Amino acid sequence: VATLKSHRRCSWGQLGYKYYNWYDETSKSKGQLRSVTFVKKQQRTGLRLLYSTNIREVRARISARWYFKIDGKRCSVPGNIGIVNWHKIDIDFHLPSVLLGTCTATSSGHIGKGRHTISVHVQAAHAYSGLD
């Protein structure tokens, strides 16, 4: 079970940010890995998203994709935020990786003021996140 801690860091005028730490590791190889719900206070701002983890692929000739969803939809403006990793040799890779990007809209439209859920997903057959 994940322990989630929220930290309010700072605010410059109308801008501010929060960061969240999970104190467990997940061994899921597909689907949603993590999620957090928060309240966006400003209508005309975007979301700056960052997720740092170790990724692991354990089979040859596989492609794995890690990506963000906002309220169940992928970012469309300026584009999808994610990483793709592929290797062709049969080796157990453990790679430090970062998903980083800014999103202002999904297929549902502008991400406005209010309650939103950010989630991190993986799409692969034999890929994992965390220390597993």
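All values reported here derive from a predicted model rather than from experimental measurement. Each chain carries its own residue numbering, running from 1 in the direction its sequence is written. Residue-level local features of this predicted model are given only where pLDDT is at least 70; pairs of side-chain atoms are given and counted only at 80 or more, and the full residue set underlies all totals for whole chains, interfaces and linings. Just so you know, side-chain values use all the structure's heavy atoms and leave hydrogens and water out.

Caption draft 1: Local environment of the nonpolar core. We call a set of buried Ala, Val, Leu, Ile, Met, Phe, Trp, Tyr and Cys residues a nonpolar core when their side-chain atoms join them within 4.5 Å. Classification of residues uses two cut-offs on accessible area relative to the type maximum, computed with a 1.4 Å probe and protein chains only: under 20% is buried, over 50% is exposed, and between them is partly exposed. In terms of nonpolar packing, the biggest core is built from 20 residues, with Leu 47, Leu 49, Trp 66, Phe 68, Ile 70 and Ile 118 touching the most fellow members. Secondary-structure elements contributing two or more residues to this core are strand E3 (31-40), strand E4 (47-57), strand E5 (62-70), strand E8 (93-103) and strand E11 (114-123). In contact with Ile 70, other than residues within four places in its own chain, are Leu 47, Leu 49, Cys 75, Cys 103, Thr 106, Ile 111, Thr 117 and Ile 118. Helix and strand assignments follow DSSP, with helices taken as H or I runs no shorter than four residues and strands as E runs no shorter than two, numbered in order from the N terminus. Contacts: residue pairs with any heavy atoms within 4.5 Å of one another.

Caption draft 2: Representation of the state of the cysteines in the model. The disulfide criterion is simple: two cysteine sulfur atoms within 2.5 Å. For the coordinates displayed, the defined rule picks out 1 disulfide. Linked covalently through their sulfurs, Cys 75 and Cys 103 form a disulfide whose S-S length is 2.2 Å. Taking the sign of the S-S torsion, 110° for the link of Cys 75 and Cys 103, the bridge is right-handed. Note that Cys 75 is positioned in strand E6 (residues 75-77) and Cys 103 in strand E8, a separation of 28 residues in sequence.

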